[in-house]
Amino acid sequence: MRGVDRRRLKTGVPSHVRHPFCRHLEERLLMDQVRARVVVRKKEDTHMRAIVYHTYGSPDVLKLEEVQKPVPQDNEVLVHVHAASVNAADWHLLRGTPFLARLANGLQKPKNTKLGADVAGRVEAVGRNVTQFQVGDEVFGCIPLHELGSFAEYVCAHEDAVALKPARMTFEQAAAVPLAAFTALQGLRDKGQIQPGQKVLVNGASGGVGTAAVQIAKSFGTEVTGVCSTRNVDMVRSIGADHVIDYTQEDFTQNGQRYDLIFDAVGNRSVSDCKRALSPNGICAVAGFTTLPHLFQVIVLGAWVSRTGSKKIGLMETANPNKKDLLFIKELLEAGKVVPVIDRTYPLSEVPEAIRYLEEGHAQGKVVITVAT
Ligand SMILES: NC(=O)c1ccc[n+]([C@@H]2O[C@H](COP(=O)([O-])OP(=O)(O)OC[C@H]3O[C@@H](n4cnc5c(N)ncnc54)[C@H](OP(=O)(O)O)[C@@H]3O)[C@@H](O)[C@H]2O)c1
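Residues numbered from 1 in each chain as written. Predicted model: local features only at pLDDT ≥ 70, side-chain atom pairs only at ≥ 80, totals over all residues. Heavy atoms only, no water.

**Q** Hey, could you run me through the nonpolar core in this one?
**A** Residues Leu-115, Phe-151, Leu-188, Ile-355 and Ile-369 are the most contacted members of the largest nonpolar core, which totals 85 residues. By residue number, the principal contributor to this core is helix H5 (residues 178–191), which donates six residues. Those residues in contact with Ile-369 that sit more than four places away from it in its chain are His-82, Ala-83, Ala-84, Ser-85, Val-86, Phe-151, Tyr-346, Pro-347, Leu-348, Val-351 and Ala-354. In terms of nonpolar packing, the next biggest core, distinct from the first, is built from 15 residues, Leu-201, Ile-245, Val-305 and Ile-313 among them. (Core = buried A, V, L, I, M, F, W, Y, C linked by side-chain atoms within 4.5 Å. Buried < 20%, exposed > 50% of the residue type's maximum accessible area, 1.4 Å probe, protein only. Helix = DSSP H or I, 4+ residues; strand = E, 2+ residues; numbered from the N terminus. Contact = heavy atoms within 4.5 Å.)

This is the structure we're talking about:
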């Protein structure tokens, strides 16, 4: 019984009056308990629960499994995930569609079996070259698409992929922001060349990217029109849109209005529709697509229109998570210029339901996953 605290053997009966066999049995039982506790602790140190998929398919192929806990590289932090959020990228990579998604992650089956880009949590460990964070810091950020993994209890992130979480925000709020805000910011600023005073239209203003785009466009000092369905009109107005068009009642490409910048977070309009709604030197930055023909039309016809006239129509590049933009977004959050809109939250075990819901295409803001509480 070396190393075992005999005081824990209290049974109410002094040990010298108990039968030696009983004492032996109690000691054996206690040793078993001690060993079991040691094993459990070791497993907690090396393992975690994560949502994984081993084959491309619908959300039905997702499983909550016990997997190896990741170990941070020299420039990485290990984040104890408190919340994550779902993005279109998750279901594209899950399904392996469009086929391009497989080029990066395996043609037959996924090489990286985890999903989840957006993350908010607490730093649990740091790599030896990490200078920006220490254990216990509350952070938020975005895991690059080829390394997804925030639908898990722990995830490693390069120290440049995360920033200190705005103190007044919850983990859920912070996790709702990064990828949608990167997309909106880079679409409006880099592809759209946004300028103060412009008239900006956001198509799909009620979704994850759209709610970020309305607020970021406002922060650039523009006059914003949001396009959404009837049930979202009040919400889109409440986040700052100057005008709201209910697409079930009115077609923004047919009402005679012209916009300097159209940010399309739906990708359901033809190039000629977008061209009609643009002012003479207007730019249309398309972030999403509803069908492959629409995508090809924007790429091919959009390039032709952009080359032959004064209007520019084209697909924005895949959002590029980076530290500079994350800090810019953090400032907008701290200034209250961007307030995350959260539609629903699901626990980690219900990531399949969360992805199914997002895939329906009618989320009102972001769909969040709560992991640790
Ligand atoms: N380029 C990139 O790097 C990048 C990154 C992230 C996302 N994306 C793309 O951006 C798009 C938007 O992503 P998301 O996360 O915002 O999606 P989401 O949250 O699923 O957005 C869905 C929203 O679109 C609205 N909507 C549906 N049909 C509409 C229509 N005809 N007109 C106007 N609004 C409509 C829905 O509102 P109702 O329910 O009212 O219809 C819903 O609020 C997706 O295509 C995604 O693939 C691209």
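**Q** Help me understand the sheet that holds strand E8 (residues 199–203) in this model?
**A** Remark on secondary structure: sheet strands pair via backbone hydrogen bonds, oriented parallel or antiparallel. With respect to topology, six strands assemble into an open sheet ordered E10-E9-E8-E11-E12-E13, the strand pairing being parallel. Looking at which strands have only one partner, the edges of the open sheet turn out to be strand E10 (243–246) and strand E13 (312–315). Averaged over all adjacent pairs, the angle separating strand axes in this sheet is 15 degrees, with direction ignored. Both E8 and strand E11 (residues 259–264) contribute to a ladder of four bridges, which runs parallel. Looking across to E11, one finds that Leu-201 is bridged to Ile-262. With respect to the sheet, helix H6 (residues 208–219) is in contact with E8, strand E9 (223–228) and E11, its orientation differing from that of E8 by roughly 170 degrees. (Pairing = 2+ DSSP bridges. Axes fitted to C-alpha atoms, helices over the stretch in contact; angles between N-to-C directions.)

**Q** Could you clarify how one ought to interpret the side chain of Lys-165 in this entry?
**A** Along the polypeptide, Lys-165 turns up in the loop between strand E7 (162–164) and helix H4 (171–175). A polar contact is formed between the side chain of Lys-165 and the backbone oxygen of Met-169, at a distance of 2.4 Å. (Polar contact = N/O pair within 3.5 Å; in protein donor to acceptor, adjacent residues only side chain to side chain.)

**Q** Looking at this structure, how should I read the packing of aromatic side chains?
**A** Here a ring pair, both rings aromatic, is described through the centre-centre distance and the interplanar angle of the planes. Counted according to the given criterion, the structure contains two aromatic pairs. Here the aromatic rings of Phe-220 and Phe-328 are separated by 6.3 Å at their centres, their planes lie at 35 degrees, and the arrangement is tilted. Linking Phe-220 in the loop between H6 and E9 with Phe-328 in helix H10 (residues 323–334), this pair joins segments that are 108 residues apart in sequence. A cation sits over an aromatic face here: Lys-165 above Phe-171, 5.0 Å from the ring centre. Its end group placed over the ring of Tyr-357, Arg-344 keeps NZ or CZ at 3.7 Å from the ring centre. (Phe/Tyr/Trp six-rings, centres within 6.5 Å; stacked < 30°, edge-to-face > 60°. Lys NZ or Arg CZ within 6 Å of the ring centre and 35° of its normal.)

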